[in-house]
Amino acid sequence: GNGKGSGDLMVANDDGSNQKVVLAAGRGIAFSRPSWSPDGTMLAFGSTVQGPGIYTVHIDGTNLTKIATVNWNPASSAPDWSPVPAADGEHKIAFSDQPLNGDGSLGPNADIFLVNPDGTGFQNLTNTPDAYEASPAWSRTATRLALWDIGDENTIHDDILVLDVGLGTDGLEVTAEMNLTSEADVPGAPLNDVGVRNPSCAREEDKIVVNVRSSDPDVGGDLWIIDLADPANPTNLTGTRELAETH
């Protein structure tokens, strides 16, 4: 995780013990949203340490490598390392970034990009100029990618999309899409149109935990679990009306 205040990149045991600094933040340099490699030996993260980009590093602090350049704020890139290889046989790091317009200016909305851990295979997976997409999260089989659909400059959605990701003629491509929080795709679901963010996929089940922000007291600011086998019946994980949780 990120060291409090300092912006250091740190690792620790799951009980909080044995905290170690992987990379110490310098002046004006921070490290954000680290994602573990499947074998637990490396981290992927966004940073400006050698220019805005997506980086990998071994957890002993060696072999710092910039694998992709980002055009916008790397703190918003939220990289996620696939737990297994995707359809092209490669592990993929998915992240969010705003592509450039033809004249070199920054585009209005963010897309989901993919890159191999060694920096090859860079591609814009979604390429949706009219939608702002963030917080990608790989499924346990790396055949699906959940993401936060923030909307565009005219409409705020705060929806959770699940993309089926398969092999196309030019690399990986989206073969199907489902909006888990829309009346059109999941009629009658309690999270439809209430404001749902930041999906995180379970590593052993086809379930997604999401962060809900709603003024509805029956929905609140809780963490919910959406089962992809039954998305119309999500479960409130925290159920604390007096508190708002995030992840």
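What you see is a predicted model; the values in this text were computed from it and never measured.

**With respect to the overall build of the protein**
Next, step 1: What the protein contains, in helices and strands, is 0 helices and 18 strands.
Next, step 2: A compact globule built from 247 residues would reach a C-alpha radius of gyration of about 18 Å, and the protein, at 18 Å, matches this within 12%.
Next, step 3: Dimensions of the protein, computed from C-alpha atoms along their principal axes, come out at roughly 50 × 45 × 35 Å.
Next, step 4: A buried classification covers 45% of the 247 residues belonging to the protein.
Next, step 5: Taking the intrachain contacts of the protein between residues at least 6 apart in sequence as the baseline, contacts between residues at least 24 apart amount to 36%.
Next, step 6: With an accessible surface of roughly 11,800 Å², the protein has 48% of that area assigned to carbon and sulfur atoms.
Next, step 7: Separation of charge centres in the protein, based on 13 positive and 36 negative side chains, amounts to 9 Å.

**Regarding the nonpolar core**
Next, step 1: If you look at the biggest cluster of nonpolar residues, it comprises 15 residues, and the most contacted ones within it are L180, L191, V196, I208, V210 and V212.
Next, step 2: Elements supplying a minimum of two residues to this core: strand 13 (156–168), strand 15 (196–201), strand 16 (207–212) and strand 17 (223–227).
Next, step 3: For this core, the leading source of residues is strand 16, giving 3 residues.
Next, step 4: Listed in part, the 13 residues of the second largest apolar core include L125, W138, L145 and L172.

**Focus: empty space enclosed by the protein**
Next, step 1: Scanning the entire structure with this criterion turns up 1 cavity of 30 Å³ or more.
Next, step 2: Size it by volume and the largest cavity reaches roughly 30 Å³.
Next, step 3: S139, R140, C201, A202, E205, D206, K207, I208 and L228 together form the lining of the largest cavity.
Next, step 4: Of the residues contributing to the lining of the largest cavity, the split by class is 4 nonpolar, 1 polar and 4 charged.

**Structural notes on the pairing of strand 3 (residues 31–36)**
Next, step 1: Relative to strand 4 (residues 42–47), strand 3 is paired through 4 bridges, and the arrangement is antiparallel. Within strand 4, the residue paired with W36 across the bridge is L43.

**Some details on the sheet that holds strand 14 (residues 171–179)**
Next, step 1: Here we have 4 strands laid out as an open sheet, ordered 11-12-13-14, and antiparallel in their pairing. Since the sheet does not close on itself, it has two edges, and those belong to strand 11 (132–138) and strand 14, each with one partner. Ignoring which end each strand starts from, the neighbouring axes of this sheet average 30° apart.
Next, step 2: Pairing of strand 12 (residues 144–151) with strand 13 involves 7 bridges; the strand directions are antiparallel. Each residue of the ladder has a partner; that of A146, found in strand 13, is V162.

So, how was this worked out
- Residues numbered from 1 in each chain as written.
- Predicted model: local features only at pLDDT ≥ 70, side-chain atom pairs only at ≥ 80, totals over all residues.
- Heavy atoms only, no water.
- Helix = DSSP H or I, 4+ residues; strand = E, 2+ residues; numbered from the N terminus.
- Rg over C-alpha atoms; globule rule 2.2 N^0.38 Å.
- Buried < 20%, exposed > 50% of the residue type's maximum accessible area, 1.4 Å probe, protein only.
- Contact = heavy atoms within 4.5 Å.
- Areas by Shrake-Rupley, 256 points an atom, 1.4 Å probe, with all protein chains shown as cover.
- Lys, Arg positive; Asp, Glu negative; His and termini not counted.
- Charge placed at Lys NZ, Arg CZ, Asp CG, Glu CD.
- Core = buried A, V, L, I, M, F, W, Y, C linked by side-chain atoms within 4.5 Å.
- 1 Å grid on protein atoms, 1.4 Å probe; cavity = no way out; pocket = protein on both sides within 12 Å on 5 of 7 lines; lining within 4 Å.
- Points joined across faces, edges and corners; volume = space filled by probe spheres on them.
- Nonpolar A, V, L, I, M, F, W, Y, C, P; charged D, E, K, R; others polar.
- Pairing = 2+ DSSP bridges.
- Axes fitted to C-alpha atoms, helices over the stretch in contact; angles between N-to-C directions.

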